[in-house]
Amino acid sequence: MINTFDRLGSQAFSRMALLRLLVFCTLAACCVARSPPAPPLPPLPPALLLDPLSCNDSQVLAVAGFALQNINRDQKDGYMLSLSRVHDAWEHYQEDMGSLFYLTLDVLETGCHVLSKKAQKDCGPRTLHESVYGQCKAMFHINRPRRVLYLLAYNCTLRPVSQRKIQSMCPDCPFPVDLSAPSVLEAATESLAKFNRENPSKQYSLVKVTRATTQWVVGPAYSVDFLIKESPCTESQASCSLQSSDSAPVGFCHGSMVQGSVQVPALIRKKSVSVTCEFFESQAQVPGDDNTAATQESKKLPTADEAPQKNTAPTNSPSKTAPRGSVQHLPDLDVEKPEDSKEKSPVEAFPVQLDLTTNPQGDTLDVSFLYLGPEEKKLVVLPFPGTERRSTECPGPAEGTNPLILPP
Ligand SMILES: *[C@@H]1O[C@H](CO)[C@@H](O)[C@H](O)[C@H]1NC(C)=O
Ligand SMILES: *[C@@H]1O[C@H](CO)[C@@H](O)[C@H](O)[C@H]1NC(C)=O
């Protein structure tokens with residue numbers, strides 16, 4: 001009985017396999033025999049082209065590391081992102097072109113500003129109550145023989161950790177505060193003034209506050225991150241209003257201001273201010289300085305900047321100059337979707353759109369600018385694989401990451 005069942009099962013399986021092979025051969029024959037006039041091609045299911053990958057595979061983690069490194073480099077604003085886990089990964093291997101990876105990455109904001117260009121290993125994730133987390137989708141092209149690593153496109157969506165959950169776990173924890181609050185600006189200017197007083201050789205002015213939290217200590221305390229630029233004014237010119245508007249941020253500061261107690265006047269009434277600043281390295285990058293991926297494999301691969309690219313040659317290729325993606329910030333999920341609004345259809349917590357094509361059969365993209373040779377190089381891009389299909393062994397492990405800051 002069992003034997004018969006087994007045989008039936010395997011027969012059914014082989015018939016399925018045969019059928020699939022047959023369909024594939026028909027499609028393949030159809031593609032090869034593309035003499036004009038071409039018959040309309042039946043849509044080729046992307047499933048046949050995309051290979052699901054394990055999200056815990058060392059190669060996949062290496063590719064994810066490169067993708068994130070490139071996403072960080074592409075930013076002009078905000079904080080560097082670190083990987084908490086690979087959520088989903090697909091590979092589209094293309095003859096003579098290498099591979100195009102479709103990656104969905106769960107990420108966390110670090111404390112490093114993107115302009116610091118710090119190495120990933122020097123940028124740890126923030127403490128839980130200050131976390132900002134989310135998801136990135138990235139399309140990453142690798143051609144090992146030609147030493148090409150290229151981030152084709154990306155998009156990320158981030159949200160702060162649920163303050164409702166944090167406050168219930170830790171009522172005394174600092175919480176985010178509106179960057180335009182007067183006390184936030186006061187904390188930034190007071191702490192920068194302190195920095196300027198202690199380092200009178202050069203003066204700096206505020207570019208903008210990038211993050212602010214508040215907490216009750218003996219009075220309200222504010223903690224702020226802000227960017228600074230060189231100021232043409234010296235301390236002696238107190239009323240100097242010269243502002244070189246075009247000067248770029250040169251450093252990143254962390255300041256805090258504790259206001260004296262209001263309720264207990266016996267306690268210190270004056271403010272206490274502290275500040276630390278770090279200065280960005282000049283734009284010249286040390287190649288290989290920021291190899292992100294921690295695996296052995298990644299060390300064998302060149303970084304995208306080392307790969308032979310026509311980087312030096314001026315090129316008008318739109319895909320080279322256009323921004324390849326963006327990082328979108330959304331509010332706290334609890335603010336946007338209060339608990340009681342359950343009757344609504346579930347909103348996607350981290351909507352990330354990344355489609356270079358809507359054609360189910362894919363489109364070709366000219367990536368000749370990545371290659372040194374004169375030949376035309378084209379990649380096939382497909383619509384980004386959706387969530388209804390997921391590779392096995394995904395999402396990968398997220399060691400030590402609190403579930404509060406992992407996208408569902
Ligand atoms: C992930 O891979 C590492 C090393 O390759 C292994 O030790 C670990 O058990 C794997 N984790 C999971 C969840 O598969
Ligand atoms: C990236 O996201 C933005 C905004 O969410 C969207 O307008 C854009 O089309 C996306 N890019 C791609 C390539 O899908």
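Here the structure is a predicted model, which is why all the values come from computation and not from measurement.

Reading the values: the criteria
- Residues numbered from 1 in each chain as written.
- Chains lettered and ligands numbered in written order.
- Predicted model: local features only at pLDDT ≥ 70, side-chain atom pairs only at ≥ 80, totals over all residues.
- Heavy atoms only, no water.
- Helix = DSSP H or I, 4+ residues; strand = E, 2+ residues; numbered from the N terminus.
- Expected span 1.5 Å × (residues − 1).
- Buried < 20%, exposed > 50% of the residue type's maximum accessible area, 1.4 Å probe, protein only.
- 1 Å grid on protein atoms, 1.4 Å probe; cavity = no way out; pocket = protein on both sides within 12 Å on 5 of 7 lines; lining within 4 Å.
- Points joined across faces, edges and corners; volume = space filled by probe spheres on them.
- Nonpolar A, V, L, I, M, F, W, Y, C, P; charged D, E, K, R; others polar.
- Phe/Tyr/Trp six-rings, centres within 6.5 Å; stacked < 30°, edge-to-face > 60°.
- Lys NZ or Arg CZ within 6 Å of the ring centre and 35° of its normal.

This brings us to helix α2 (residues 58-74). Spanning 17 residues, α2 covers 24 Å between terminal C-alpha atoms, matching the ideal 24 Å at 1.5 Å per step. Within α2, 13 of the 17 residues are buried, which leaves the element mostly enclosed by the surrounding structure.

A separate point is the layout of surface pockets. Considered as a void within the structure, the largest pocket measures approximately 720 Å³ in volume. Elements with a contribution of two residues or more to the lining of the largest pocket: α2, β2 (79-94), β3 (98-113), β5 (148-160), β7 (204-216) and β11 (325-329). Ranked by residues supplied to the lining of the largest pocket, first place goes to β7 with 6 residues. Its residues assigned to classes, the lining of the largest pocket shows 15 nonpolar, 10 polar and 7 charged.

Turning our attention to the packing of aromatic side chains. Counted under the stated rule, the structure contains 7 aromatic pairs. Look at Tyr79 and Phe252: their rings are 6.0 Å apart centre to centre, the planes differ by 70°, and that puts the pair in the edge-to-face class. One end of the pair, Tyr79, is in strand β2; the other, Phe252, is in strand β9 (residues 251-258), and 173 residues separate them in sequence. For the pair shown, Tyr79 and Phe252 are each scored as buried. Pairing Tyr150 with Phe369 gives two aromatic rings, centres 5.6 Å apart and planes at 80°, and the pair type is edge-to-face. One end of the pair, Tyr150, is in strand β5; the other, Phe369, is in the loop between β12 (363-366) and β13 (378-381), with 219 residues separating them in the sequence. Its relative accessible area of 3% is what places Tyr150 among the buried residues. An aromatic cluster of at least three residues, connected via ring pairs, comprises Phe195, Tyr204 and Phe279. Lying over the aromatic face of Tyr79, Arg126 brings its terminal NZ or CZ to 4.6 Å of the ring centre. A cation over an aromatic ring shows up here: Lys377 above the ring of Tyr371, its NZ or CZ 5.1 Å from the ring centre.

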